[in-house]
Amino acid sequence: DDLGSVIVPADQILKANDTRLEFALAHPSGNEKEAGFIAIKCRPATDADAQFLSHVKETDKNENSFFSIKSAFSGMGSSGVSSIFKQNKVTDSDTGLTSYRIRPGPDPDFPKATEWMSKKQIETESLKPSKKWFDLGSGELAKVYLEIIGCDGLEDKDSGLQKSNKTDSFCTLVYEDCMATTDCIDDCLSPRLLPWMKRAFILRMEHTSSPLNIAVFDSDTGPMSKHQTIGKVSINLANFKPRTEYLLDYYLYESGKIGNREPKGVLKIRMRIQYKSQRKAIMSSLGAAPKITVNVDNSSDYRLIRKTIQGRIDTRNYDIETIKSYVDELKMYQQATFFIQDAITNILFWRGTYPVSLPFVPTFHLPLHSVTAFVMAVFLVEKP
């Protein structure tokens, strides 16, 4: 939760000389009594500080210089710093094979064998059946078995001293009255969730038209940090056949309502649906999906749910980006009018649209659309 914030003037930071500065926090509610104080201590950089940073920049150019960078932070006594520079890949000098550290952790049943794996091993392992399933929701119409396998080509949302500092991604799903998150994979733009990780969910369906929303976020920690949205996808489960396993790739977009979108990565999932009654499923599809409320007990989960459903761009906000998206939508409708006029003209003038090829006869076109429209009009007049 947001407990308060303060904007520290730059001139006070520059004038500080290893002295304690104390500032009052501004509470989001505006109540000064609820806000606290924050104290900071800073000083101008010394020659030793400049030399240290230049050393980091030089060693950052060479991936094999990892240990020299880590040794530069020795004696600082910060576990957070050591985790930032934790080595996540090693290359065998003899075979040239690169192995990657499995994050967030290896298989508890085989910790030694799964601590380091090659890309091929990770890809093969990710497609194996999941070991843990989380049962969610209260619907009784069907069960949706969903496994989030991983992502490819995610946008890099992190920046730091090391090139290895990349997006720390995790997925959030919202379906009817439930939401869930997967494990987080640190510093990887093409992460894979392996069978022993939190990735498999049983979603209980109440209505066939309920969309399944999945979003990918970059995890940020800290009192003032918020998870950044990378992209989302909304899946219509009515398009899938029961008792059929699908392995699917979906492009991720910042919003489902903005035109001229560019994909922000690819989401890979595995899914199957098991209906209790096919008849009840068909009857359910005839009606509209009910309005469902998802309740959470903290603002962080609320923001995750809202961005998973709406995306990064909130089209209800009054800003230039939203207005531009509406203008683009109107232009698309204007382009569609040409095709509508052309279709009406073809039907009214009985223009041939369906090619027919017969032996010893040149190919000709039948006005199939006009015939269909004429028969429908006759039936409508004769049997209104």
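Before reading on, note that the structure itself is shown above.
Keep in mind that this is a model prediction, so the values were computed, not measured.

A word on the sheet that holds strand β13 (residues 246–251). The five strands lie next to each other as β6-β10-β7-β14-β13, forming an open sheet whose pairing is mixed. The open sheet has two edge strands with one neighbour each: β6 (133–136) and β13. If you compare each strand with its neighbour and ignore which way they point, the axes differ by 30° on average. Two strands pair when backbone bridges link them, and strand β7 (residues 142–152) and strand β10 (residues 200–205) are joined in this way by six bridges, in the antiparallel orientation. Each residue of the ladder has a partner; that of Lys143, found in β10, is Arg204.

Turning next to the packing of aromatic side chains. One pass over the full model with this rule turns up six aromatic pairs. Pairing Trp133 with Tyr145 gives two aromatic rings, centres 5.8 Å apart and planes at 75°, and the pair type is edge-to-face. A residue pair is termed long-range when its members are at least 10 positions apart, and Trp133 in strand β6 and Tyr145 in strand β7 qualify at 12 residues. Its end group placed over the ring of Phe134, Lys198 keeps NZ or CZ at 5.4 Å from the ring centre. It is Arg272 that lies over the ring of Tyr145; its NZ or CZ is 4.0 Å from the centre.

What follows concerns a nonpolar patch on the surface. Taken together, Tyr354, Leu358, Phe360, Val361, Phe364, Leu366 and Leu368 make up a surface patch of nonpolar side chains, about 720 Å² in accessible area. For the nonpolar patch, the secondary-structure elements that each account for two or more residues are β15 (354–358) and β16 (361–366). It is β16 that contributes the most residues to the nonpolar patch, three residues altogether. Within the element layout of this structure, Phe360 appears in the loop between β15 and β16.

Generally speaking, soluble globular proteins have nonpolar side chains that are buried together. The biggest cluster of nonpolar side chains holds 42 residues, and the ones touching the most others in it are Ile148, Leu203, Ile214, Leu237 and Leu267. Elements with a minimum of two residues in this core: β7, β8 (169–175), β9 (178–181), β10, β11 (211–218), β12 (228–236), β13 and β14 (266–275). Not counting chain neighbours up to four residues away, the residues in contact with Leu267 comprise Ile148, Gly150, Cys151, Cys171, Ile214, Val216, Val233, Leu248, Asp249, Tyr250 and Leu252.

Conventions we followed
- Residues numbered from 1 in each chain as written.
- Predicted model: local features only at pLDDT ≥ 70, side-chain atom pairs only at ≥ 80, totals over all residues.
- Heavy atoms only, no water.
- Pairing = 2+ DSSP bridges.
- Helix = DSSP H or I, 4+ residues; strand = E, 2+ residues; numbered from the N terminus.
- Axes fitted to C-alpha atoms, helices over the stretch in contact; angles between N-to-C directions.
- Phe/Tyr/Trp six-rings, centres within 6.5 Å; stacked < 30°, edge-to-face > 60°.
- Lys NZ or Arg CZ within 6 Å of the ring centre and 35° of its normal.
- Patch = residues over 30% accessible without salt bridge, like charges linked within 9 Å, V, L, I, M, F, W, Y side chains within 5 Å.
- Areas by Shrake-Rupley, 256 points an atom, 1.4 Å probe, with all protein chains shown as cover.
- Salt bridge = Lys/Arg side-chain N within 4 Å of Asp/Glu carboxyl O.
- Core = buried A, V, L, I, M, F, W, Y, C linked by side-chain atoms within 4.5 Å.
- Buried < 20%, exposed > 50% of the residue type's maximum accessible area, 1.4 Å probe, protein only.
- Contact = heavy atoms within 4.5 Å.

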